[in-house]
Amino acid sequence: MTFFWYDWAGYIGVLLVLLAFLLMQAHKLHGNGLTYQLMNIFGAAGVMLSLLFGGFNWSAFLMQVAWLLIGIFGVARSMQVRRMERERLP
């Protein structure tokens, strides 16, 4: 069996998403933390690459787009909360 770069991107992407979820459930990461969100963003991007360059599947692709956008929203929201907290400090 031959593995192409996009196959590896997909496997690594799946690993990142699952590992992020596992670490959050084990209370090693927080769901609103930057590390958790970045693992989800890069994981979704890896799976999207494997779908774009390998075998395309609309439902899987749309799910990864949603996962990616939710991750970006989480990062933006965390940054906003941190900025608001800094502004409140004297």
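Along each chain, numbering runs from 1 in the same order as the chain's sequence is written. Per-residue local features are limited, in this predicted model, to residues with pLDDT of at least 70; the limit for side-chain atom pairs, both in listing and counting, is 80 or more; totals at the level of whole chains, interfaces and linings are taken over all residues. To get the side-chain values, all heavy atoms of the structure are used, and hydrogens and water are removed first.

- By the naming in an unreviewed UniProt entry, the protein goes by CBU-0592-like domain-containing protein and is assigned to Rhodanobacter glycinis.

**Here we look at helix 3 (residues 58-88)**
- Spanning 31 residues, helix 3 covers 45 Å between terminal C-alpha atoms, matching the ideal 45 Å at 1.5 Å per step.
- Listed in full, the buried residues belonging to helix 3 are Phe-61, Gln-64, Leu-68, Gly-71, Gly-74, Val-75 and Ser-78.
- Each element contacted by the buried residues of helix 3 is listed here: helix 2 (34-53). To qualify as a helix, a DSSP run of H or I must reach at least 4 residues; to qualify as a strand, a run of E must reach at least 2; elements of each kind are numbered from the N terminus. Expected span of a helix, by definition, is 1.5 Å for each gap between consecutive residues, and there is one gap fewer than residues. Partly exposed describes any residue whose relative accessible area lies between the buried limit of under 20% and the exposed limit of over 50%, with all areas from a 1.4 Å probe on protein chains only and scaled to the type maximum. In this description, contact between two residues means that some pair of their heavy atoms is separated by no more than 4.5 Å.

**Thoughts on the packing of aromatic side chains**
- A pair of aromatic rings is counted whenever rings of Phe, Tyr or Trp (Trp by its six-membered ring) have centres within 6.5 Å, and the orientation is called stacked for planes under 30 degrees apart, edge-to-face for over 60 and tilted otherwise. Within this structure, the stated rule accounts for eight aromatic pairs.
- With a centroid separation of 5.8 Å and 70° between ring planes, the pair formed by Phe-3 and Tyr-11 is classed as edge-to-face.
- Of the residues examined, Phe-3 reaches a relative accessible area of 36% and is grouped as partly exposed.
- On the numbers, 5.0 Å between centres and 90° between planes, the contact of Phe-56 with Trp-58 is edge-to-face.
- Take Phe-56: its relative accessible area is 38%, and that puts it in the partly exposed class.

**What about helix 1 (residues 5-25)?**
- Given a rise of 1.5 Å per residue, 21 residues ought to cover 30 Å, and the 30 Å separating the end C-alpha atoms of helix 1 matches this to within 8%.
- Those residues of helix 1 not exposed but buried are Tyr-6, Ala-9, Gly-10, Gly-13, Val-17 and Ala-20. Viewed end-on, helix 1 has its buried residues packed into an arc of 100°, placing them on one side of the element. Exposed side of helix 1, more than 90 degrees from the buried face: Leu-15, Leu-18 and Leu-22 are the residues found there.
- Those residues of helix 1 that are buried are in contact with helix 2 and helix 3.
- His-27, located one to two residues past helix 1, shows a positive phi value of around 60°. Taking the helix axis as origin, the arc is that swept by the directions to the C-beta atoms.

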